[in-house]
Amino acid sequence: MSRSVADHRPSSNNVASRFIAPRVANTELTPVQLEERATIYRGEQSRAEVDAFRDLRTRVLSVTQPGAITLVAPVSRGSGGSYVARNLATAVSFDESRSALLVDCDLRHPSQHATLKLSPSMGLIDYLEDRNAEADQVIHDTGIARLQLLPAGNSREMASEFLSSPRLRLLLDTVRTRSPNCHIFLDAPPVRGAPDARILSELADIVVLVAGYGRDTPSAIAQAAADFSPGKFAGVVFNEGV
Ligand SMILES: Nc1ncnc2c1ncn2[C@@H]1O[C@H](COP(=O)(O)OP(=O)(O)OP(=O)(O)O)[C@@H](O)[C@H]1O
Ligand SMILES: [Mg+2]
């Protein structure tokens, strides 16, 4: 990873440095609870959906290193980007030598905290707005081993420029430094209609586009793909569940 973290490294007594180490949540969710959260679990080997996410995880891991940032961006609202981002991150966390951080970057329409039935008091927006906020205040256990969530936070109309804030880069660099085996997944807002996903792609090592199967047209998919640097563009996931 070429990105330098030296300038942003927190002091050794920073609370954040103790928190971000990969760890297993105290209470793990049961298969029933995971189904209620539209999230895959390891025991379901027979389900095609789990196999599809395992396969997608293998492809992503084959082109990234631990600490990599993967942007998961839906073509349009409801393509299933949040579903794919959450389950791809979960599939990575199946591996006991890795961990994953899911970041809800859809600041206007955040969904991951509600889907995962969490009620975090602070998230990304709060961190970006409050210079005194620490990473440990905004990164939360999910009940899924080795998967943590950075929720969007207290929703309000945000300027897209917020997503290019140096503080966001600082936060991600802190995670990468303290937890070298952590894979970071950015759940982006839809590509169509706002520059946010493209802005977020500047932070990412690779971009995965999510298209609603039979829902997003080939030209909409091609247009969305053209928003990203070809060097980062890893491919399109067709999501049939929407
Ligand atoms: N392949 C799928 N199988 C089952 N349920 C799915 C699938 N894809 C999406 N869903 C469900 O559809 C709903 C909407 O998906 P998602 O959470 O990704 O929405 P969204 O954030 O509005 O969409 P997007 O991120 O594309 O804008 C959720 O309840 C999700 O669990
Ligand atoms: Mg979404």
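Residues numbered from 1 in each chain as written. Chains lettered and ligands numbered in written order. Predicted model: local features only at pLDDT ≥ 70, side-chain atom pairs only at ≥ 80, totals over all residues. Heavy atoms only, no water.

Taking an unreviewed UniProt entry as the reference, the protein is identified by name as Polysaccharide biosynthesis protein belonging to Pseudoxanthomonas composti.

## With respect to the overall build of the protein
Helix and strand counts for the protein come out as 10 helices and 7 strands. Sorting the 242 residues of the protein into buried and exposed places 52% on the buried side. Considering only residue pairs separated by 6 or more positions, the protein has 81% of its internal contacts joining residues 24 or more positions apart. If you sum the accessible surface of the protein, you get close to 10900 Å²; carbon and sulfur atoms cover 48% of it. (Helix = DSSP H or I, 4+ residues; strand = E, 2+ residues; numbered from the N terminus. Buried < 20%, exposed > 50% of the residue type's maximum accessible area, 1.4 Å probe, protein only. Contact = heavy atoms within 4.5 Å. Areas by Shrake-Rupley, 256 points an atom, 1.4 Å probe, with all protein chains shown as cover.)

## Considerations on the packing of helix α3 (residues 48–62) against helix α4 (residues 81–93)
Running from N to C, α3 and α4 cross one another at 75°; their axes reach a closest spacing of 9 Å. The orientation of α3 with respect to α4, classified from their angle, is roughly perpendicular. Judged by residue contacts, Glu49, Phe53, Arg54, Leu56, Arg57, Val60 and Leu61 of α3 engage Tyr83, Val84, Asn87, Leu88, Ala91 and Val92 from α4. Looking at the contact of α3 with α4, its residues break down into 9 nonpolar, 1 polar and 3 charged. (Axes fitted to C-alpha atoms, helices over the stretch in contact; angles between N-to-C directions. Parallel < 35°, antiparallel > 145°, perpendicular 65-115°, else oblique. Nonpolar A, V, L, I, M, F, W, Y, C, P; charged D, E, K, R; others polar.)

## Observations concerning the layout of surface pockets
Roughly 420 Å³ of internal volume is contained in the largest pocket. Ala52, Leu56, Val236, Val237 and Phe238 are the residues nearest the centre of the largest pocket, which is lined by 19 residues in total. For the lining of the largest pocket, the element with the highest residue contribution is α3, accounting for 7 residues. Here the lining of the largest pocket is composed, by residue class, of 12 nonpolar, 3 polar and 4 charged. (1 Å grid on protein atoms, 1.4 Å probe; cavity = no way out; pocket = protein on both sides within 12 Å on 5 of 7 lines; lining within 4 Å. Points joined across faces, edges and corners; volume = space filled by probe spheres on them.)

## What about the site of ligand 1?
Not every one of the 15 residues close to ligand 1 is listed here, only the nearest: Gly80, Gly81, Ser82, Tyr83 and Asn239. A distance of 2.9 Å separates an oxygen atom of ligand 1 from a polar backbone atom of Ser79. For ligand 1, an oxygen atom lies 2.8 Å from a polar atom in the side chain of Ser82. In the complex, 69% of the free accessible area of ligand 1, which totals 610 Å², lies under the protein chains. (Near = heavy atom within 4 Å. Polar contact = N/O pair within 3.5 Å; in protein donor to acceptor, adjacent residues only side chain to side chain.)

## Describing the pairing of strand β4 (residues 147–150)
Along β4, one buried face is formed by Leu147 and Leu149 and the opposite face, lined by Gln148 and Leu150, is buried too. In this structure, strand β2 (residues 99–104) lies alongside β4, joined through 4 bridges in parallel fashion. Considered in β4, the bridge of Leu101 is made with Gln148. Sheet topology note: the strand β3 (residues 140–141)/β4 ladder contains 2 bridges and is antiparallel. Residue pairing in the sheet places His140 in a bridge with Leu149 of β4. The antiparallel pairing of β3 with β4 creates a hairpin that spans 5 residues between the two strands, and Gly143 there sits at a positive phi of about 90°. (Pairing = 2+ DSSP bridges.)

## Re the sheet that holds β3
Spatially, β3-β4-β2-β5-β1-β6-β7 is the arrangement adopted by the 7 strands of the open sheet, whose pairing is mixed. Only two strands of the sheet have a single neighbouring strand rather than two, namely β3 and β7 (233–239). In this sheet, strand β6 (residues 206–212) lies alongside strand β1 (residues 69–74) in parallel orientation, the contact comprising 5 bridges. Each bridged residue has a counterpart across the sheet, and for Ala73 the counterpart in β6 is Leu209. On the sheet, helix α10 (residues 218–225) packs against β6 and β7 and is oriented at approximately 165° with respect to β6.

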